[in-house]
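Analysis of the macromolecular model
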Amino acid sequence: RAKASPGQSFCFFEPGMDRAVTERARTERELREAIAADAIEPFFQPLVELSTGRILGYEALARWRQQDGAVKDPDEFIPIAEECGLIGDLYFGLLAKAAREAREWDQGTILSINLSPLQFSDPWLVGRTLKVLNHAGLSPARLEVEITESALVSELETARAVIANFKRQGIKVSLDDFGTGYSSLRHLSELHFDKLKIDRSFISNIDTNLDSQTIVQAVTSMAHHLGLQVIVEGVETEASAQSVRDFGCDVGQGFLYGRPAPGHAAKQENSDSEPSESKVERVA
Ligand code: C2E
Ligand code: MG
Ligand code: MG
Ligand code: MG
């Protein structure tokens, strides 16, 4: 509002504003350097088969390692990367690292990675993804990409083409954060996703909230009828794990099974011979 009115433009020179702009410019520069220096690294969080407790794969989640060793979460830098055109570089760098880790896991263990909506406009997205996988020595059949619903609204045609292209290469595609933002059931029928990830806001209270129970049950049934596998995010307690198992959800992800952690942790966990109960007990 202030921007649109010329008389108000002086507000940009208020000291607080000025500082915010400078701060932002600095973050942007540091992010650019971090991506170039390969300082964005993947943390991995297990995806667990609910019926058996077996680890099927890991989602790679971006972390920005600071000079002092501290780690920044994605909500602090993904939006900036998107705004200044760095998200593609960030993705390919992260994919390269994650794929190198994933190559060390048991055969067949899936690597899942997030895509930003903005990457749909990159005509080389799928081709470069294959190239990175090839270079890392990971089969495309081991990769899945997660796309959030917000991505699909404005770009339905493009989304359709990109998804089809990924699938043609044997890369599975998940619809992330389902039930929040710009949900449309049309997306489910028109875009041929392999998996649907129900947003964690429906899971965090599922053992006590009847509405969440009804929604998760209905969405799971609908997804299964459409041929989609169902993943639930935000499984934090044994009680919610029990609920989603009862509702027939296929795969769980959440602090109960493991928090996002650096690659070597995933590797250790994955080579454990006893996958299910012991792990749940350890974190519970
Ligand atoms: P997401 O893809 O839905 O990832 C799941 C988020 O939920 C992760 O947050 C994870 O740490 C968190 N989470 C998992 N289990 C639980 C749980 O039991 N309880 C709670 N409270 N939270 C849980 P994180 O790592 O902070 O990532 C946030 C979002 O940032 C991701 O949501 C994704 O949309 C985005 N993101 C992360 N890495 C990338 C990336 O490389 N590229 C893009 N474009 N987006 C990314
Ligand atoms: Mg995701
Ligand atoms: Mg999600
Ligand atoms: Mg999310």
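Structure's up top.
Definitions and cut-offs
Residues numbered from 1 in each chain as written. Chains lettered and ligands numbered in written order. Predicted model: local features only at pLDDT ≥ 70, side-chain atom pairs only at ≥ 80, totals over all residues. Heavy atoms only, no water. Core = buried A, V, L, I, M, F, W, Y, C linked by side-chain atoms within 4.5 Å. Buried < 20%, exposed > 50% of the residue type's maximum accessible area, 1.4 Å probe, protein only. Helix = DSSP H or I, 4+ residues; strand = E, 2+ residues; numbered from the N terminus. Expected span 1.5 Å × (residues − 1). Arc of directions from axis to C-beta. Contact = heavy atoms within 4.5 Å. Pairing = 2+ DSSP bridges. Donors = N, O, S within 2.8 Å, 3.2 Å for Na, K, Ca; no water.

Bringing the nonpolar core into the picture now. Within the largest apolar cluster, 70 residues are counted, with the highest numbers of intra-cluster contacts made by Leu-31, Ile-40, Leu-111, Val-145, Phe-166, Ile-198 and Ile-203. The element contributing the most residues to this core is helix α3 (residues 87-102), with ten residues.

So, on to helix α4 (residues 125-136). With twelve residues, α4 should cover 16 Å at 1.5 Å per step; its first-to-last C-alpha distance of 17 Å lies within 8% of that length. Leu-125, Val-126, Thr-129, Val-132, Leu-133 and Ala-136 are the residues of α4 that are buried. All buried residues of α4 lie within an arc of 125° about the axis, which places them on one face of the element. Residues Lys-131, Asn-134 and His-135 are exposed on α4 and point more than 90 degrees away from its buried face. Elements in contact with the buried residues of α4: α3, β4 (110-115), β5 (143-148) and α6 (156-168).

What follows covers the pairing of strand β1 (residues 40-49). Each regular strand carries side chains that alternate between the two faces of the sheet. Here β1 lies mainly inside the structure; nine of its ten residues are buried. Sheet topology places β1 next to strand β2 (residues 55-65); nine bridges connect them, and they run antiparallel. From the neighbouring strand, Pro-42 faces β2, where its bridge partner is Ala-62. Bridging between β1 and strand β9 (residues 251-252) involves two bridges; their strand directions are antiparallel. When the sheet's bridge partners are listed, Val-48 is paired in β9 with Gly-252.

It is worth spelling out the coordination of the magnesium ion (ligand 3) at this point. Coordination of the magnesium ion (ligand 3) by the protein is provided by Asp-176 (OD), Asp-177 (OD), Glu-233 (OE) and Glu-233 (OE), with metal-donor distances spanning 1.8 to 2.8 Å. Donor residues binding the magnesium ion (ligand 3) come from one chain and are separated in sequence as D-D-x55-E. Using a relative accessible area of 11% as the deciding quantity, one classes Glu-233 as buried.

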